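Below, each chain spelled out in residue letters.
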Amino acid sequence: MLGVTVLGRTVTAVLLLTQMAATPARADTMEAALLRAYQTNPQLNAQRASVRAIDENVPQALSGYRPKVAVTASGGGQLINQLTNGSNGKKIEEGPQGPHAAGAALTQTLFNGNQTANKTRAAESQVLGAREGLRLLEQSVLLAAATVYMDYLRDAAILEVQRSNTQVLEETLRQTRQRYGAGLVTPTDVAQSQAQLAAGRTQELAAEATLTTTRANFRRIIGDEPDQLAPGSPVDRYLPETLRDAVSLSLVESPSVTAAMFGIDVNFLNVKVNEGALFPTVTLIASVQKTWQQTITQIQQFNASATAQVSVPIYQGGAEYSLIRQSKETLEQQRLNLEQVRDQARADLVTAWGQLLAGKAQIVSSQAQVSASEIALTGTRSEASVGQRTVLDVLNAQQALVNARIALVTAQHDRVVASYAVLSAVGRLSPRVLHLATPIYDPGVHYHQVRDNWFGVRTPDGR
């Protein structure tokens, strides 16, 4: 009976992965792990930088409204030797000169078929789509962090179960050898105990390897090593009450759906931009120039001009028409892609919801399985002590209990992960909804910092 006591006492503390007990001192929590992943995950920070880069598309598009100014200057030396006709007959003009000039030109587009306006609107839609892409990655990172947090709790608990199982099997082998020495069992019973112990040690080593891999993934996603993790809990309180409500919410708030909708806007405006190439272009050109010593007889000269230029495209080889047709097909493709994204969002939500319901039921059945297996093992050992059961029966009952405890640990893990997956599928897995104690990254800050910049190469950090 010693083996049963050791196993029960060891695993009781580690199986309750989702208990709502007080957090132990200095224990890491799920919320703290999610906070670190949100702040330090390199993939997420790289995506934030990508969004900031896409913000620059808007000032680039707005530059079409602004004038273009160029200043030119020239200078040098030359030697003149020329024969000219004058009133007094032919004469030779010669001598060294240093001609130089300075000027400025301003070009302002007045009309270009609304291409600038449509490019600006398209760039703004790209920014909004990129923000939804960032929100999608935020959810993916937070879901991955919650999953690996629960993975570590599960794998650590399974390792403890396997270690306790090995201790029990060692004690069982010792007792079997004692009974063999007393002539109560056969060499077959000893061999069966030895085989089961070897299998138990193999399972323990496999559990250690799995935990090592999970620890590495924990470090990769969350940013540091796991240490004294507190139990995780589901986030059912943030979920819709019914599957119908969850599906409706996912089709509206899922970042994959909203990103696809902004993609339609971008492609529609690209059609308008390409159509603008068929319209006239009106440009205002103003210039000033002053020159000195351009010729021997000309000391200096000043020119100023302002002209309006109208360019009407008649035929440009047909490329503009091909671009229009191509962009219309791309627009239709994006519309069809939106339907596909909606179908995928609905499927992901239904799948996660089903896993959540299954996880709740599996915990109940696994708890019943553990209780029954414990009773069965106790009874089998008692019957074996009076010769009514064999050593193999005890070993089988022991393995059944180990399998039941592992099933319970896995069910508790799946239950928590499924709740986070549902929250992600409806588009609400975010630091704001989870009430994480961290400043929320707002991509709009950087956008407003650079949108109306006319010049400058400083890169603001968006804070």
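Above this text sits the structure in question.
Residues numbered from 1 in each chain as written. Predicted model: local features only at pLDDT ≥ 70, side-chain atom pairs only at ≥ 80, totals over all residues. Heavy atoms only, no water.

S.K.: Residues and numbers for the overall build of the protein, please.
M.R.: Along the protein, the regular secondary structure elements total 12 helices and six strands. A principal-axis box enclosing the C-alpha atoms of the protein has dimensions of 150 × 50 × 40 Å. Here the protein holds 463 residues, and the buried ones make up 41% of them. The contacts of the protein with a sequence gap of at least 6 include a subset with a gap of at least 24, amounting to 82%. With the model as given, the accessible surface of the protein reaches about 24,700 Å², and the carbon-plus-sulfur share is 55%. Here the protein contributes 41 positively and 39 negatively charged side chains, and the mean placements of these two sets differ by 4 Å. (Helix = DSSP H or I, 4+ residues; strand = E, 2+ residues; numbered from the N terminus. Buried < 20%, exposed > 50% of the residue type's maximum accessible area, 1.4 Å probe, protein only. Contact = heavy atoms within 4.5 Å. Areas by Shrake-Rupley, 256 points an atom, 1.4 Å probe, with all protein chains shown as cover. Lys, Arg positive; Asp, Glu negative; His and termini not counted. Charge placed at Lys NZ, Arg CZ, Asp CG, Glu CD.)

S.K.: Give a description of the sheet that holds strand β5 (residues 281-292) that names residues and reports values.
M.R.: Within the open sheet, the four strands sit side by side as β1-β4-β5-β6. Their pairing is antiparallel. Strands with a single pairing partner mark the edges of an open sheet, and in this sheet they are β1 (68-75) and β6 (300-311). Averaged over neighbouring strand pairs, the angle between their axes works out to 10° when direction is ignored. Across 11 bridges, the pairing between strand β4 (residues 100-111) and β5 is antiparallel. Across the sheet, Gln-108 pairs through a bridge with Leu-284, a residue of β5. (Pairing = 2+ DSSP bridges. Axes fitted to C-alpha atoms, helices over the stretch in contact; angles between N-to-C directions.)

S.K.: Residue-level account of helix α6 (residues 187-222), with values.
M.R.: Under the 1.5 Å per step criterion, the end-to-end length of α6 is 52 Å for 36 residues, consistent within 8% with the ideal 52 Å. Positive backbone phi, approximately 110°, marks Gly-223, located one or two places after α6. (Expected span 1.5 Å × (residues − 1).)

S.K.: How would you explain helix α3 (residues 42-55) if you had to name every residue and give the values?
M.R.: End to end, α3 covers 20 Å across 14 residues, agreeing with the expected 20 Å (1.5 Å per residue, within 8%). Packed against the buried residues of α3 are α2 (30-40), α4 (57-62), α5 (115-181) and α12 (443-450). Its side-chain oxygen at 3.1 Å from the backbone nitrogen of Gln-43, Asn-41 defines the N-terminal cap of α3. (Polar contact = N/O pair within 3.5 Å; in protein donor to acceptor, adjacent residues only side chain to side chain.)

S.K.: Can you break down the side chain of Glu-138 residue by residue, with the values?
M.R.: Mapped onto the fold, Glu-138 is located in helix α5. Buried charge without a salt bridge: Glu-138, with Arg-48 as the nearest opposite-charge side chain at an N-O distance of 4.2 Å. Here Glu-138 is in contact with Tyr-38, Leu-44 and Arg-48, once residues within four sequence places are set aside. (Salt bridge = Lys/Arg side-chain N within 4 Å of Asp/Glu carboxyl O.)

S.K.: Which residues make up the pairing of β5, and what values go with them?
M.R.: Pairing of β5 with β6 involves 12 bridges; the strand directions are antiparallel. From the neighbouring strand, Lys-290 faces β6, where its bridge partner is Phe-302.

S.K.: Tell me about the environment of Tyr-315, and please be specific about residues and values.
M.R.: Tracing the backbone shows Tyr-315 in the loop between β6 and α9 (319-385). Residue classification places Tyr-315 among the exposed positions, given a relative accessible area of 61%. Side-chain polar atoms of Tyr-315 contact the backbone oxygen of Gly-317, separated by 3.5 Å.

S.K.: Tell me about the environment of Leu-249, and please be specific about residues and values.
M.R.: In this structure, Leu-249 sits in helix α7 (residues 243-253). Owing to a relative accessible area of 16%, Leu-249 belongs among the buried residues under this scheme. For the pair formed by Leu-249 and Thr-410, sequence separation is 161 residues and the distance between their alpha carbons is 29 Å. In this structure Leu-249 touches Pro-240, Ser-254, Val-426 and Arg-428, once residues within four positions along its chain are discounted.

S.K.: Break down empty space enclosed by the protein for me, with residues and values.
M.R.: Take a probe with the size of a water molecule and roll it over the atoms, and the empty space left behind shows itself. Using the criterion set out here, one finds one cavity of 30 Å³ or more in the structure. In terms of lining, the largest cavity is formed by Glu-31, Leu-34, Val-235, Arg-237, Tyr-238, Tyr-420, Leu-434 and Leu-436. The residue makeup of the lining of the largest cavity, split by class, is six nonpolar, no polar and two charged. (1 Å grid on protein atoms, 1.4 Å probe; cavity = no way out; pocket = protein on both sides within 12 Å on 5 of 7 lines; lining within 4 Å. Points joined across faces, edges and corners; volume = space filled by probe spheres on them. Nonpolar A, V, L, I, M, F, W, Y, C, P; charged D, E, K, R; others polar.)

S.K.: Explain the pairing of β4 to me, using residue names and the numbers behind them.
M.R.: As defined by bridge partners, β1 adjoins β4 across eight bridges and the pair is classed as antiparallel. Bridging from a neighbouring strand, Ala-70 pairs with Ala-105 of β4.

S.K.: Account for the nonpolar core, naming residues and giving values.
M.R.: If you look at the biggest cluster of nonpolar residues, it comprises 56 residues, and the most contacted ones within it are Met-30, Leu-34, Tyr-149, Tyr-420, Leu-423 and Leu-434. Breaking this core down by element, the ones donating at least two residues are α2, α3, α5, α6, α7, α9 and α10 (391-425). It is α5 that provides the largest number of residues to this core, a total of 16 residues. Not counting the four nearest positions on each side in its chain, Leu-434 is found in contact with Leu-34, Val-235, Tyr-238, Leu-423 and Leu-429. (Core = buried A, V, L, I, M, F, W, Y, C linked by side-chain atoms within 4.5 Å.)

S.K.: Explain the pattern of salt bridges residue by residue, including any values.
M.R.: In the structure shown here, the tally under the stated rule is 20 salt bridges. For Lys-272, the salt bridge identified is with Glu-275, shortest N-O distance 3.8 Å. Of this pair, Lys-272 and Glu-275 both sit in helix α8 (residues 255-275), three residues apart, which is roughly one turn of that helix. Here the salt bridges do not stand alone but share partners, grouping Glu-160, Arg-163, Glu-204 and Glu-208 into one network.

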